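Chain and residue survey
Here are the chains, one letter per residue:
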Amino acid sequence: MKWGSGFKVWGFVSLCLASLFWIWSSPGFRVSQKTPINFWTGFTGPDGEQMVGLIREFHRLNPDVEVSLQRIDWGVYYNKLFVAGLGKRGPEVFVLHAGMLPRFASAGLMAEMDGWLDTESRSALEDLVPVIRPKLQWEGHQVAWPLDVHMMGLYCNLELFRQAGLVDGSGSPRIPRSREEFLEAAASIRRLSQPGKEVWGFGIADPNLTALTSCYQHGGRLFSPNLLNPSLLSPENIAGLDFLRQLVATYRVAPPPESNDAWVGFRQGSIGMVWAGIWMLAEVRGDGSFPFDVFPLPQCGTEPASFGSTHLMAIAPGLKDSSREAAWRLVQFLSSHSLEWAKVGQLPARQSLLESPEFRNLRPQANLASEIPHLVFNPGTPLLWEVQDEFYRAGEKVMRGTESAATALEVAQNQAQKVVDRDRARHSQAKAGP
């Protein structure tokens with residue numbers, strides 16, 4: 001090869017290298033330099049669309065981070081998340097309900113956040129509503145940060161209230177606050193039935209959470225105070241399930257669960273009241289077929305109470321510094337923007353946001369803020385789901401009228417105790433060693 005030709009080749013190579021360096025160093029090419037964060041949630045409905053908008057805003061304010069949001073149906077979400085975490089293939093940031101924290105934290109899948117707190121985040125921590133703070137801890141360390149707080153509410157068909165005369169002098173609905181007022185309202189709406197058109201005062205729209213809430217209001221719980229044993233068979237839980245059965249069989253204001261989908265019935269306008277989660281708000285709004293509102297639950301037992309929970313944000317352990325810092329930034333951003341998140345059917349977890357004019361004007365979510373001090377969260381034990389499933393099975397039998405509350409809960413108690421005993425024996429064997 002001639003010297004001149006070689007010079008041309010090397011000149012061409014040098015020009016290519018210079019061009020590549022210029023492209024690599026230009027601002028428009030720095031996508032690859034962004035810190036990638038995988039963020040998994042179960043928000044597949046309208047709440048998921050709201051989360052997409054929040055992530056876009058996070059990108060605008062944090063151009064050095066690229067968040068990949070993956071939305072997975074809750075029905076399969078936790079299994080996928082748990083398996084991925086055990087295999088070191090899980091996301092950097094993920095959402096889970098408060099009741100799932102013990103299972104994930106005990107498996108070592110949630111990083112401790114204590115050492116990451118600075119002045120701003122410590123102030124935000126102090127701003128959280130008191131009922132939530134214990135739910136962020138595992139074995140004395142903070143391992144989660146709340147996105148929201150949510151609970152059951154009393155969904156009311158305001159047109160049926162008006163037709164039944166359940167209004168005051170100004171035409172506003174008279175919302176029941178006590179057991180007596182609740183039964184009176186349900187009976188009044190039930191009397192609107194006509195030949196060929198059944199109207200029901202109340203419907204058991206979410207049997208599991210309705211059963212939990214009724215038992216909580218009667219003083220019942222799933223576990224003993226020390227969380228060592230199930231406490232399903234208690235006079236309080238019997239009273240709570242009996243009350244729901246009486247709504248069907250004694251007072252006859254609710255349809256039998258086996259012959260009616262109460263949530264569909266409410267949305268179609270044939271049921272006056274249901275207890276349902278505030279997260280169901282978007283579904284009813286989408287129907288737009290009748291005026292409705294959501295109010296705090298009436299106290300039908302010995303104490304005000306509602307099933308409550310929170311979506312928690314967790315960060316995977318063992319991340320490199322840049323990923324951990326970006327993940328922490330995302331968590332704090334979403335926490336500070338939880339008022340926007342609340343618009344799809346949640347309540348902010350920060351007291352300052354709950355007291356803000358913006359939230360007070362957010363209806364019907366603001367109606368339920370008074371319930372927050374009375375929320376009952378699922379107990380923090382890895383055995384929650386097995387024991388809770390036994391309770392749910394008992395509740396279904398009672399509400400369908402196939403077994404008495406005492407009989408169904410006795411069976412559930414025995415089965416749940418076997419779960420606890422097996423787990424205790426397994427841990428004893430593990431400590432004893434081979």
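Whatever comes next refers back to the structure up there.
Below is a short write-up of the structure. Everything numeric in this text was worked out from a predicted model, so none of it was measured. (Residues numbered from 1 in each chain as written. Predicted model: local features only at pLDDT ≥ 70, side-chain atom pairs only at ≥ 80, totals over all residues. Heavy atoms only, no water.)

Here we take up the overall build of the chain. The helix and strand tally for the chain stands at 17 helices and 13 strands. Overall, the C-alpha framework of the chain stretches about 105 × 65 × 45 Å when taken along its three principal axes. Out of the 434 residues belonging to the chain, those deemed buried represent 49%. A separation of at least 24 residues holds for 73% of the contacts in the chain among residues at least 6 apart in sequence. (Helix = DSSP H or I, 4+ residues; strand = E, 2+ residues; numbered from the N terminus. Buried < 20%, exposed > 50% of the residue type's maximum accessible area, 1.4 Å probe, protein only. Contact = heavy atoms within 4.5 Å.)

The element strand β12 (residues 311-315) is extensively covered by neighbouring structure, given that 5 of its 5 residues are classed as buried. The two faces of β12 match: His311, Met313 and Ile315 on one face and Leu312 and Ala314 on the other face are all buried. Of the strand pairs in this sheet, strand β3 (residues 93-97) and β12 are connected by 5 bridges, and their pairing is antiparallel. When the sheet's bridge partners are listed, Val93 is paired in β12 with Ile315. For strand β6 (residues 145-146) and β12, the ladder comprises 2 bridges, and the chain directions are antiparallel. Paired with Pro146 across the two strands is Leu312, which belongs to β12. (Pairing = 2+ DSSP bridges.)

On the secondary structure map, Ser68 appears in strand β2 (residues 65-71). Looking at Ser68, the relative accessible area reads 37%, which means it is partly exposed. Each C-alpha atom, one on Ser68 and one on Pro36, is 7.4 Å from the other, the two residues being 32 residues apart in sequence. Apart from the residues within four sequence positions on either side, Ser68 is in contact with Ile37, Asn38 and Phe39.

Glancing now at the packing of aromatic side chains. What the rule picks out here adds up to 21 aromatic pairs. Each residue in the set Phe43, Trp74, Tyr77, Tyr78, Phe82, Phe94, Phe104 and Trp341 is aromatic and connected to the rest through ring pairs, giving one cluster. Over the face of the ring belonging to Trp200 we find Arg190, whose NZ or CZ atom lies 3.6 Å from the ring centre. (Phe/Tyr/Trp six-rings, centres within 6.5 Å; stacked < 30°, edge-to-face > 60°. Lys NZ or Arg CZ within 6 Å of the ring centre and 35° of its normal.)

A separate point is the side chain of Asn62. Tracing the chain through its elements places Asn62 in the loop between α2 (46-61) and β2. In this structure Asn62 comes out as buried when scored by relative accessible area, which is 9%. Reaching out from Asn62, the side chain makes a polar contact with the side chain of Arg329 at a distance of 2.9 Å. (Polar contact = N/O pair within 3.5 Å; in protein donor to acceptor, adjacent residues only side chain to side chain.)

Our focus in this paragraph is the nonpolar core. Met110 and Tyr155 are the most contacted members of the largest nonpolar core, which totals 85 residues. If we ignore the near neighbours within four places in the chain, the residues touching Met110 are Phe94, Leu96, Leu101, Phe104, Ala105, Val143, Ala144, Ala314, Ile315 and Pro317. Leu160, Leu183, Ile204 and Leu212 belong to the second-largest nonpolar core, a separate cluster that totals 53 residues. (Core = buried A, V, L, I, M, F, W, Y, C linked by side-chain atoms within 4.5 Å.)

Moving on: the pattern of salt bridges. Inspection of the entire model under this criterion finds 16 salt bridges. The salt bridge involving Glu49 is made with Arg71; its shortest N-O contact spans 3.1 Å. Of the two residues, Glu49 sits in helix α2 while Arg71 sits in strand β2, which places them 22 residues apart along the sequence. Judged by its relative accessible area of 32%, Arg71 falls in the partly exposed class. Between Asp423 and Arg426 there is a salt bridge, and its shortest N-O distance comes to 2.7 Å. Linking Asp423 with Arg426, this pair stays in helix α17 (residues 405-432), spanning 3 residues, or about one helical turn. What you see here is one network of salt bridges that share partners, running through Asp64, Glu325 and Arg329. (Salt bridge = Lys/Arg side-chain N within 4 Å of Asp/Glu carboxyl O.)

Quick look at the sheet that holds strand β1 (residues 35-41) now. If you trace the 5 strands from one edge of the open sheet to the other, you get β2-β1-β3-β12-β6, paired in mixed fashion. Edge positions in the sheet fall to β2 and β6, since each of these pairs with one other strand and no more. Bridging between β1 and β2 involves 7 bridges; their strand directions are parallel. The partner of Asn38 across the bridge, within β2, is Ser68.

Of note, Thr35 is situated in strand β1. Of the residues examined, Thr35 reaches a relative accessible area of 15% and is grouped as buried. Discounting chain neighbours no more than four positions away, the residues touching Thr35 are Asp64, Val65, Glu66, Ser322, Ser323 and Ala326.

What follows concerns unusual backbone geometry. Omega for the peptide link from Arg363 to Pro364 comes to 5°, which places this bond in the cis form. You can see Pro364 is positioned in the loop between α15 (357-360) and β13 (375-376). A positive phi angle, close to 60°, is found at Lys88, a residue other than glycine. On the secondary structure map, Lys88 appears in the loop between α3 (74-86) and β3. On the basis of relative accessible area, Lys88 is assigned to the exposed category, the value being 75%. Phi is positive for Glu139, close to 50°, though the residue is something other than glycine. Overall, Glu139 belongs to the exposed group, its relative accessible area being 67%.

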